[in-house]
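# Inside the fold
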Amino acid sequence: MSDLVEKLRATVGDKGLITDEAGKHPYLTDWRDNYLGRALAVVRPATTEEVAGVVKLCAARKVAIVPQGGNTGLVGGGMPHEDASEIVLSLNRMNRIVEVDPIGYSMTVEAGVVLKTIQEAAAQHDRLFPLSLAAEGSCTIGGNLSTNAGGVQVLHYGNARQLVLGLEVVTPQGEIWNGLRALKKDNTGYDLRDLYLGAEGTLGIITKAVLKLWPKPKDVATSWIAVPSPQAAVDLLSGAHVASEDNVTSCELMARQGVDFVLKHIPGATDPLADRHDWYVLLEWSSTRARRAGANETGLAEKMEAYLGEAMERGLVLDAAIAQNEAQARAFWGLRENHSEAQKKEGPSIKHDISVAVSKLPAFIGEGIAAMKKVLPDCRPVPFGHVGDGNLHFNCQSPPGWDKARFFAYGEAISGAVYDLVTGYGGSISAEHGIGRLKVEDLEHYRSKVELDTMRTIKRALDPDNLMNPGKILRV
Amino acid sequence: MPDTIIAPIIPTVPVTPAILEALRAIVGDKGLIQDEQGKQPFVTDWRGSLTGNAAVVVRPATVEEVSGVVKLCHDNGVAIVPQAGNTGLMGGATPYPSHTGIVLSVGRMNKVLNVDPVGYSMTVEAGCVLQTLQETAASHDRFLPLSLGAQGSCMIGGNLSTNAGGVQVLRYGNARNLVMGLEVVLPNGDIWNGLRSLKKDNTGYDLKHLFMGAEGTLGIITKAVLKIWPAPKDVATAWLAIRDPQAAIEILSEAHAASEDNVGSCELMSRACTDMVLRHIPGTQDPLKADTPWYLLLEWSSSRPKPDGGEGMSEKMEQFLADQMEAGRVLDAVIAQNEAQSRNMWTIRESVAPASRAEGPGLSYDISVSISRIPEFIDKGVKAALDILPSIRPYPLGHIGDGNLHFSFMGPKGMDRPTLHQYSPAITRAVNDLVTSMAGSISAEHGIGIDKLDELAHYRSKVELDTMRAIKRALDPRNIMNPGKVVRV
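A quick note: this is a predicted structure, and the numbers were derived from the prediction, not measured.

The helix and strand tally for chain A stands at 17 helices and 19 strands. Against the globule reference of 23 Å for 476 residues, chain A gives a C-alpha radius of gyration of 23 Å, in line with a compact fold. Dimensions along the principal axes, computed over C-alpha positions, put chain A at roughly 75 × 55 × 45 Å. Counting all 476 residues of chain A, 55% fall into the buried class. For chain A, restricting intrachain contacts to residue pairs at least 6 apart in sequence, the fraction spanning at least 24 positions comes to 74%.

As structure tokens, then:
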């Protein structure tokens, strides 16, 4: 294999190759510290042609490749196995914004650009790139697209796949597919783009993308709302679409438990409301029409205030605060986005990223909490998530003071109870995080043979030697 | 079939008497059409330009029957042409003359299975007529946004298999954006139940998107879970005489903010198209007595009812149009004052296809480029066609917000179809070369079918065609599912 390493060096240069253990380490372990893999080398190509060259070298020697973006995934999709037979191919040197077209509302980027950098580049051109999630400061767009990331604006703008016009992909044979089309409509054969999006690097490596941009919101209203129940949250959202004239951009539900963890562990976090409540909603409306000066003009904040007042009379809202300035809005968002961080500091937790039809969400939450408590009465359920998408992070925190080993002994039983319930509801066991390594067996258990066979057939057809991120999503 | 296309090799296993009886056992007498006269509408396309053959037309009533029919054909190697409303424009649902297998029509599977107004979804069978589905949604105070000229006869299974577009794509997306789940019968007869009504589901490869737009070459869509939206309560429709296509793009660009993101449709029309409709379609009236070459049909809609005494969509639009007139982009405009007036505007737009059939022979290209390049494309494209045939008459129109033009031409006055078609290959090459040089699409919404098989092969890279073929071969190794459409295997 030393022959391979030298050939790789010739392709990507010294700067593009990491072979020492200390240098490799950050690429071999995941954000949640659940995996520690090994790799022949970490290869960091600087161009699409270099990616293609690396893939060709590996294909000829039947060496498997684990593509990696910002390494912020939650299911081990970017993690190599432990046998040191694979290389990690990191896209983090391919971090150029190739073009911004504000008139055509599109932007062409390389796969290794950090999401936040993309958001900022769009904003500089008075445009919005709506993908937004907690890891945005370190995740990269290639990973976002390979996992079809979700986030807090899916309700209005859709998942990552809806934000993409075109892709460039290096195939498992090392060929470059140029599908970088900036077209809204293109019915010319099979939709390869949507096949690569969400395939978690198992069918090829996304190297560039043409992203859609939107007008930048000019009038934003954000509120922190105490609601009596998840059902009230669903009803509140349902009415909000009309009251805001279809301008609801986020609607996030949180249980008191998660908010308590944030208040306890995140410096500077404060409770916006005086009293304690069981359930909270973070509601945001945005419009691209700027507020006009003048007493008669009603902006979104006034519309939202009127709507929340009316909702309070109907018993859907217990108390609410509308952000008076951007700092307050950011503080509200901090309470939501620090949920994962706070849970990590609180101790071990088991995560479930599930979705059901929106109208079934309240019933699911009730039954799901009961199901987890039935397995382990002292566990602390931390449900939170995207009401409008029917998507919850249905997490379970250990009883206070328990260590990983003790708590994870209940992991299978707790997750099994949750996933059985999700399946009974016709839901998804991975709404936005994907399958990776973590959920391969769960997918096998819950999906039909026809579906698994069809996926395997596609995988075998495009990657017959099973060299592209093997063992992720599917066992071939 | 266009004379330029060499028929692809497709399986020619005959439907033997034994197979025919086995089909009858699955679908019954009601589900079989054998006589030539009965088969005729299923083997001819809507335009009347393609006619093929089929041993028998099979019309299953349930997904289990579809599965049984496909399994039987699979085991015997008999080719299948799936068909829904048969309104396609590329021959995707029409059998080749050399076809010896069956046409499988989903037209008897026409039940709406469930409407969930709270969850904003609707589960339907593939043979439901689009207009019926629009009406069903409306009866629940909901809105199914897919809308196109053929909606009175096209069926949802065909709409999804071709990823149909239409006049609301700007706001709601193509057909594939309106779907949450599918049920598909695979080329081996297995039933894939992907009928999920989930907004988010990242569990493996997105099979749903692969089957949509595959034109029945990878399987037969039998059911779908569709997304529905709140019904629009406040709609403003206007007919604008505009400076030029560049003005149309600028108007649209500013309309998003002025309407608070409520632009529903923005359709570019030429004077020539409008006059052609007025000539041939009874009851249509010119909304504006203007004599300028370019028009825009602009519609804003909101799900919020107009507040009492407050500012609604038409007041906002009126203010906007006044601003645009001052900016010199709009020359004259009229906002529909009632349903009849807006209906008239829409009829003009939607009658272009039937009017052009009545007008005589023509050529039409369904292209897209990035929106900002539409004016350049129109200029260069018209010039390219006129260079080849100076007396040809351009009739451009289209969905400007999607970058999608129906770039059409009527033959010179008095020229017959065969003569016009002698010029067709040269004009097609010129138009598609231009599209490709501008990084556009040679089929924005109509698909590939038979008509564009060779055009696609000409313009797409080897790696892309190879990838498509690898998928086709893997999922349909016997090449029985709509063989010879989209890609040659």
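Let's pick the thread back up.
Here we take up the sheet that holds strand 3 (residues 65–68) of chain A. Ordered in space as 1-2-4-3 (chain A), the 4 strands form an open sheet in which the pairing is mixed. Bordering the open sheet on either side are strand 1 (17–18) and strand 3 of chain A, each of which pairs with just one other strand.

What follows covers the interface of chain B and chain A. Accessible area lost during the coming together of the parts is what is often quoted as the interface size. Counting residues at the interface gives 70 residues for chain B, matched by 69 residues for chain A. Mapped by element, the contributors of at least two residues to the side of chain B that touches chain A are strand 9 (191–194), helix 7 (207–211), helix 8 (245–258) and helix 16 (462–475) of chain B. Sorting elements by how many residues they give to the side of chain B that touches chain A places helix 16 of chain B first, with 9 residues. Of the residues contributing to the side of chain B that touches chain A, the split by class is 27 nonpolar, 28 polar and 15 charged.

A few words now on the environment of Ile6 of chain B. All names here are of chain B. Here Ile6 shows up in the segment before helix 1 (17–27). Overall, the presence of 9 C-beta atoms within 10 Å leaves Ile6 in the exposed class. Each C-alpha atom, one on Ile6 and one on Asp454, is 8.8 Å from the other, the two residues being 448 residues apart in sequence.

If you look at the biggest cluster of nonpolar residues, it comprises 223 residues, and the most contacted ones within it are Ile225, Val227, Tyr280 and Val281 of chain A together with Ile102 and Val179 of chain B. Contact partners of Tyr280 of chain A, with chain neighbours within four places excluded, come to Trp224, Ile225, Ala226, Val227, Met254 and Val259 of chain A. Ile242, Ile249, Met276 and Phe407 of chain B belong to the second-largest nonpolar core, a separate cluster that totals 61 residues.

Our focus in this paragraph is the domain arrangement of chain B. Residue and element names in this part refer to chain B. Assigned domains within chain B: domain 1 (112–230), domain 2 (234–352) and domain 3 (360–437). Each of domain 1 and domain 3 has a C-alpha centre, and these two points are 31 Å apart. Listed per partner, the contact involves 4 residues of domain 1 and 4 residues of domain 3. Here the residues of the side of domain 1 that touches domain 3 sort into 3 nonpolar, 1 polar and no charged.

Our focus in this paragraph is the pairing of strand 16 (residues 362–368) of chain B. All names here are of chain B. With 5 of 7 residues buried, strand 16 is to be regarded as a mostly interior element. For strand 16 and strand 18 (residues 404–410), the ladder comprises 7 bridges, and the chain directions are antiparallel. Note that in strand 18 the partner of Ser364 across the bridge is Ser408.

Right, let's get into the packing of helix 8 (residues 230–243) of chain A against helix 13 (residues 361–375) of chain A. Residues and elements named next belong to chain A. Following both chains from N to C, one finds helix 8 and helix 13 inclined at 160°, their axes separated by 8 Å at the closest point. By the criterion of interaxial angle, the relationship of helix 8 to helix 13 is roughly antiparallel. The element helix 8 and its partner helix 13 pack so that their crossing is right-handed. Across the interface between the two elements, Pro230, Gln231 and Val234 from helix 8 touch Leu361, Pro362 and Ile365 from helix 13. A class-by-class count of the residues in the contact of helix 8 with helix 13 yields 5 nonpolar, 1 polar and no charged.

Rules of the game
Residues numbered from 1 in each chain as written. Chains lettered and ligands numbered in written order. Predicted model: local features only at pLDDT ≥ 70, side-chain atom pairs only at ≥ 80, totals over all residues. Helix = DSSP H or I, 4+ residues; strand = E, 2+ residues; numbered from the N terminus. Rg over C-alpha atoms; globule rule 2.2 N^0.38 Å. Buried ≥ 20, exposed ≤ 12 C-beta atoms within 10 Å, placed from the backbone. Contact = placed C-beta atoms within 7 Å. Pairing = 2+ DSSP bridges. Nonpolar A, V, L, I, M, F, W, Y, C, P; charged D, E, K, R; others polar. Core = buried A, V, L, I, M, F, W, Y, C linked by C-beta atoms within 7 Å. Domains from an automatic or database assignment. Axes fitted to C-alpha atoms, helices over the stretch in contact; angles between N-to-C directions. Parallel < 35°, antiparallel > 145°, perpendicular 65-115°, else oblique. Left-handed = near helix turned anticlockwise from the far one by under 90°.

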